[in-house]
Amino acid sequence: MEDNKDILLSVRDLRVHFGSVTAPVRAVDGVSFDIRRGETFALLGESGCGKSMTALSLLQLIPTPAGRIAGGEVLFDGQDLMALSEIQMRHIRGKRISMIFQEPMTSLNPVMTVGAQIAEVLIQHVGLSGKAVSERCVELLDAVGIPAPAKRINDYPHQLSGGMKQRVMIALALAGEPELLIADEPTTALDVTIQAQVLDLLAGIQEDTGMAIMLITHDLGIVAGTVDHVAIMYAGQIVEQAARKEFFSNTLHPYAKKLFAAVPGGHKRGRKLETIKGSVPPLNTKFHGCRFAERCDEVWPRCYEQQPRWLELQTDDDSHGVRCHRYDARIEAPHTVAPQPKTRLTEAQISREQKGEPLLQIRDLKVHFPIRKGLFKRVVGHVYAVDGVDMEIPRGRTLALVGESGCGKTTVGKGLLQLIRPTAGSVSYRGQELTRLKGEALRRLRSQLQIIFQDPFSSMNPRMMVSSILEEGMRAQQIGESAAERQRHIASLLEHVGLPASAARRYPHEFSGGQRQRICVARALAVKPELIVCDEPTSALDVSVQAQTLNLLKDLQNELQLSYLFITHNLSVVDYLAHDVAVMYLGRIVEKGPVETIMQTPRHPYTEALLSAVPTLDETSEREVIRLQGELPSPINPPTGCHFHPRCPRAMEECRRHYPAVTRWETGEEVRCHLYM
Amino acid sequence: MQKLSRQFWFAPLLILAGLWLLWLFVPLMLGVKPVMLWTDRLIVLLLAAVVLLVAYIRRKAPLREAWLQVFRQRRAMIALVVLCAFIVIGLLDSIHYRKPLPRSSGDAVQYSVEVLSVLDAVLERLRAREEKTYSAPFATHLYAKETVTLPDGRQVRIYPRLTHAGRHLADPQKDKAADIMRTSLQGVAGGVLLGLSLLLLLTRWLAWRKRQAFLSCWREIWRGASEIPWRSIFLTILIVIVSISTAWALSGKYHVFGTDKVGQDVLYLSLKSIRTGLVIGTLTTLVMLPFAIALGIMAGYFRGWVDDIIQYLYTTLSSIPGVLLIAAAILSIQVYIANHPSLFETATDRADLRLLALCVILGITSWTGLCRLLRGETLKLREMDYIQAATALGVRHFTILGRHVMPNVLHIVLIMVVLDFSGLVLAEAVLSYVGVGVDPSTISWGNMINGARLELAREPVVWWSLIAAFCLMFTLVLAANLFADAVRDAFDPRLREQA
C-alpha cells in the first residue's frame, strides 16, 4: 500500500440498493477494492452476485429510480466520483473510464454505421473534427485488428460478425483513450477461438497504452490466464481478494475452493464433480452470519451467528484478503470439528471398454436450407448447414459433438430427431430408417429419442404447470394407464432429478435456471427414451449449477443405460462427460474418435487450435496457444477444397483443391486432413 | 387436480342456467311474449363466453396475476366502472318482449307488433313523451313557430308551449332556472343517498370476503390503503349514480337533451344507441375472432402451402377497399330483406338482421390485421424450444396448436379486441353517416349524427343531437381506450419485466 500514487481507482464500502427503502435488495453490500494503473483486475462470481452492479455504479449508471447508491466512496485518480453531477460525470464516462458490455449484438446502434458511432465519441470526448475524425476511426479499427478498416467504417453493425462487433465495441471504448476500461463479461457471448483473440487484443492494448482493465467474468479459466489481481464476489460482498499467483496457489475461502472443484475437466472423468448445494441467497434477506454458510461444507456453528470480518493476511509480495472465520486468529475453531468435506468423489461404474452395436447410425446426413429470392421465390442458393455427417452412437455411451457456433451442431441434433427434415442421408435407429418414417409411425418412435435444450427459460411453456409439462409426453405416448398412475410417475421422475414432489404444482418461472434444466431432463425421461440429444444443456448455467446438471446426466446414464449426443462448445465438459468426440467444422465432421486420444493427441489442426484456445486453470502447463485467423466462413458458399484451409496455420496447396478423404487410425480415430493422407 | 378442472365451468354454468330460467318464467308471470332477436342470441353467447373465460382466468395463476395488475391501476378501474354502466344499459336494452294487445273476449291473445326492451320499460316516461318537432334542451317552448288558434278565434304565429316539458311552470321565463336548480338538487340528494347505501353494501361484501371488520375495511378503503383502488372505484360509482339520478329527476319535467325532428327525446335516443354501439363493437369481434385465430396460427405454424393460401386470402381481402365491400354487402342484404317480407314478423326483426349483417361484414373485412399479427407471433413461437420439445415428445399438431401456441398468443388477441372495439364503434357512426350503416329505423349514434347533419345549416343551429351523440360516444370510446391501455400494459411481457 506504500505506492499510493499508483492507485487509479479506489472503492471503499460501496453499497447499492434496489427497491423499497425498508426492505431493499442489497445488490452490492460494502465492496472495497483498489485498481492500480496498468493492471488487470478481475471481479469473479456467479450470476446475480452483484458484479455488474458494482461496475455500473462506478459510472453512476445504476438504473434509476429502482436502484440507488446507498453509501460508499469511489475515488478515481483522487477525485470522488460520487460527488460529481450528471454533467461532470459525462466527461468521465467514455473519456476516462470506458465500458464494454457482454452482448455485442445489442450494444451497437443498428441504424448507425460503425464509423459514425466511433466518431461520436471522438467528437464528444477528444474534440477532434473534420478529417482527423475519420483518420482516427480507421486507426482505432486497425488497432483492434479489423481487416480493411477504411472500408469497414461504412459498415452497419449487422454486416459484422459477433467477434467483429465486440472488436468495434472495444474500439469504441478505446476512442476516448481511457485510463480505466471496464469489461463486463466481454467474451461470454463469443466462441473459444474468438474469445482468445479478444483477450489477446485487450492484453496487447494494455501493454501499449498502460490503461487499467477491470474484467468482470464468471469464467475461472479467463482469470487464470490474463489478470494481475482477483477478487471473488459472493452475494454482494467480496469474499476473497489476492494477486493472481497467490490466489491460485493458496486459495482460502471455501467458496473459491468450491468454484475450482466444480469446473469439469478430463482429470475428473469418472468421478462426480464437486457441487455447491443450493444457490445464491436472495439479496433482500437480512444476513446475520456468513452469507455462504448455507452452502458451505466447512461451516462452523459460529458462521450462522456472526458475520465474518475482512481479514488482511500478509504474504510475501502482496496482501491476501479473505472474509471467513476460518482464518480469523481471534476466533477459535470449535471443539467439535465440523464434518470434513465429504469425499463425494465416487467411482462411477462405467465400463469404458463395453462398446455394443450402435443404437443410432447416421450416414451422410445433409441438411440444406434453400435461399429464395425474388417474386417467384426461386431458389438462388443453399445454406449448407449440415453437409455429409457420419456417426454412430452406441448404447449407454456419450458422443460429444464439438464446434464453434454456426458450424451446424444443433442442426445435426434436430435433423436426427426429424425436427428438421434432412435433405439427404440416412438416420437409422435400431435398424429403422427415421428419415422415411411419417405421421403415426414417427410419432410412436419419438418417445425413444428426446432432446434437452440450451436455454432453460424458453424450453418450457410458461403457462403450464410442471405436472402438465411432464404429463404431456406421457399422454401423447400413452404411457401410464390412468391419471393417477401418471401422477405417481411424475412424482418419481421429480424425485429422480432431485426436485421435491411439491414442484409439480408450480409454474416454470418459480424455478432457478438449474432447477428448470432438471425439469427439462425429467420431461425427456418421462417417455422412457434411449437416446437424449443434449443441446448445450449447461452453457446458460453457472459453474456450480453446471456441475449439478452434469452429475445428474451422468448418474442417469449409469442407471438407465442412456445414450447421449452431447452438443457443446465447452471442451472441458466434453473431457469430463464424453466417451467419444466428433469435431465439426462448417457442416462436416473433421475429426472423431475416443475422448482420451482426441484430448491428448489431437490430429486435425482445427482440433488442435480449439483445444489450445481453451483457457485452463493449470498455470504450470506452458502450452503454446494456436491463434486462428478470422472467423467461421459462411455456410452459403464454403471455401473450396478443405473448408478449414483459409484459417489453417498448416495449409498446403493441396488443401485449396480437394476436400480431404478420411484417414483412419488403429486407436479408432478418423481424421479428414491432407496432412495425414 | 381433476376436481379442480371440473369446477371451473361448473359455477358459471349454474349462473347461466339460472338466468335462462329467469328468462323463461318472468315473462310468463308478467303476461308478455319474450322475443329473442338474432343479435340478442349472440349477445347471450358472448356473455356465456365471457363468464366462462372469467372462471378460467381465475384458475390460471399467471393470467390471474396479469388481470390483478389491471385491477390495481386506478385509471383502468375508473374506465371499467364507466364501461360497466354502459354495458348494463346495453344489456337491459337486449331483453326484448312484446306486449299483449287488449283482447276481445274468447280470442287467443294477440301481441303488439312493437318490440320493446326492458330499457324501454324503464324509460317509458321518455319514450312516450313525444313533442311535435325540435325543442332545445330544457326548453319549455317548441323550436319552430306555429300558427295557433287562440280561444277567442284569432290565429297567431308563436312558439307554442311543449306538451310534456315545463307544463307545471306558471311563468316559464321567471321560474325555470329556480325549478331546474331545485329539481337537480333533489336528484343529487337522491343519488348520493342511493350511491352511499350501495357503497355500504359493497363494503359489507368486501369485508365479508376479506374476513375483516366492517369499519376497518371501510377506513382502509377511504384512506386509499387497499390493494385494488377501491376509493377511486367508489367515487366513480358515486358520480355515475348521482348523474343518472339527476338526469332522471330532471327528465321527469324537461327534455334534458332536447327533442329531435319528430319530437323524440334525444336523451332516450342516445341511451338506446348504446346497445347498437356495443353490439357493433363486440359482435363484430365475435365474428372475426375464429377466422383470425384459426387461420393466423395455422399459417404461422404449418408454413408451406397452408401459409401461402392464407396469406393470399388476406392480402386479397385487405386490398379491396373496405367501404366498397361493406356498401355492396349491405345493399344486397337490403334487397334480400325487401324481397322476403314474410320472413320477418316485425320491423325490429328486419332492422336487427341488417345490424347483424353489418357486424358480419365488418368482421370479414377486419380479421386480416389480427390474422397477420398472429401469424407473425406464431412464426416466432414455433421455433421456441418448448414447441420443439412437444414435437419431439410426439404430441399431435393440433394439440400443440391448442395447448402451446394459442395460450401464448392470447394476449395479442385480447389487446387487439379491446383496441378494435373503439374503432368499430366509431366505424358504425361513419358508415351510418355515409348511408351504408344500420337500418334508418335503428336508433344509433350514426343515425343521430346523420340526422343532425341536415340541421347544421339551419339558423339558429340545432346542435343538441350532435352534441348528445358525441358526448356518449366520446365517454364510451375514451373509457374503452383507457381500459385497453391498461390491459396492454399488463399483458406486454416487456413492460411486465420492468415492473
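Residues numbered from 1 in each chain as written. Chains lettered and ligands numbered in written order. Predicted model: local features only at pLDDT ≥ 70, side-chain atom pairs only at ≥ 80, totals over all residues. Heavy atoms only, no water.

**Details of the interface of chain A and chain B**
Test applied: Note on contacts: a residue pair qualifies if any of its non-hydrogen atoms lie within 4.5 Å across the two residues. Summed over both partners, the accessible surface that disappears when two parts come together, traced with a 1.4 Å probe, is what is meant by buried area. Within this document, salt bridges are pairs made up of a side-chain nitrogen of Lys or Arg and a carboxyl oxygen of Asp or Glu, the two lying within 4 Å of each other. Here a polar contact means two N or O atoms within 3.5 Å. Within protein one must be a hydrogen donor candidate and the other an acceptor candidate, and residues neighboring in sequence count only if both atoms are side-chain atoms. Helix and strand labels come from DSSP, where a helix needs a run of H or I of at least four residues and a strand needs a run of E of at least two; each type is numbered from the N terminus. Under the scheme applied here, ten amino acids are nonpolar (Ala, Val, Leu, Ile, Met, Phe, Trp, Tyr, Cys and Pro), four are charged (Asp, Glu, Lys and Arg), and all others, including Gly, are polar.
Each partner contributes to the interface: chain A provides 27 residues, whereas chain B provides 23 residues. Carbon and sulfur atoms supply 54% of the area buried between chain A and chain B, which totals about 2400 Å² over both sides. It is Arg 443, Arg 463 and Glu 472 of chain A in chain A that bury the most area against chain B; as a group they hold 27% of the surface buried on that side. Inspection of the chain A/chain B interface yields two salt bridges. Seen at the junction of chain A and chain B, the total is 12 residue pairs in polar contact (both at pLDDT 80 or more). Those elements giving two or more residues to the side of chain A that touches chain B turn out to be helix H13 (439-445), strand E18 (449-452) and helix H14 (466-476) of chain A. Considering each element in turn, the side of chain A that touches chain B owes the most residues, four residues, to H14 of chain A. Looking at the side of chain A that touches chain B, its residues break down into 11 nonpolar, six polar and 10 charged.

**Here's the deal with the domain arrangement of chain A**
All names here are of chain A. Test applied: By convention here, the domain bounds are inherited from an automatic or database domain assignment.
When the domains of chain A are assigned, the result is domain 1 (4-234), domain 2 (266-347) and domain 3 (358-676). Each of domain 1 and domain 3 was reduced to a C-alpha centroid, and the two centroids are 34 Å apart. Summed over both sides, the interface between domain 1 and domain 3 buries roughly 1600 Å², with carbon and sulfur atoms accounting for 51% of that surface. Per-residue buried area on domain 1 facing domain 3 is highest for Asp 191, Val 192 and Thr 193; these three make up 33% of the total on that side. The tally of links between domain 1 and domain 3 comes to zero salt bridges. Taken together, the connections running from domain 1 to domain 3 amount to zero residue pairs in polar contact (both at pLDDT 80 or more). Contributing elements (two or more residues each) for the side of domain 1 that touches domain 3: helix H7 (162-175), helix H8 (192-209) and helix H9 (220-226).

**Considering the packing of helix H4 (residues 74-92) of chain B against helix H10 (residues 266-302) of chain B**
All names here are of chain B. Stated precisely, the cut-off is as follows: Helix axes are fitted only over the stretch in contact, all axes being lines through C-alpha atoms; the angle between N-to-C directions runs from 0 to 180 degrees. Convention used here: angles under 35 degrees read as roughly parallel, angles over 145 as roughly antiparallel, angles from 65 to 115 as roughly perpendicular, and any remaining angle as oblique.
Two numbers describe how H4 lies on H10: the axes approach to 8 Å, and their chain directions differ by 95°. Relative to H10, H4 is oriented roughly perpendicular. Residue-level contacts link Phe 86, Ile 87, Ile 89 and Gly 90 of H4 to Leu 271, Ile 274, Arg 275 and Leu 278 of H10. Residue classes in the contact of H4 with H10 are distributed as six nonpolar, one polar and one charged.

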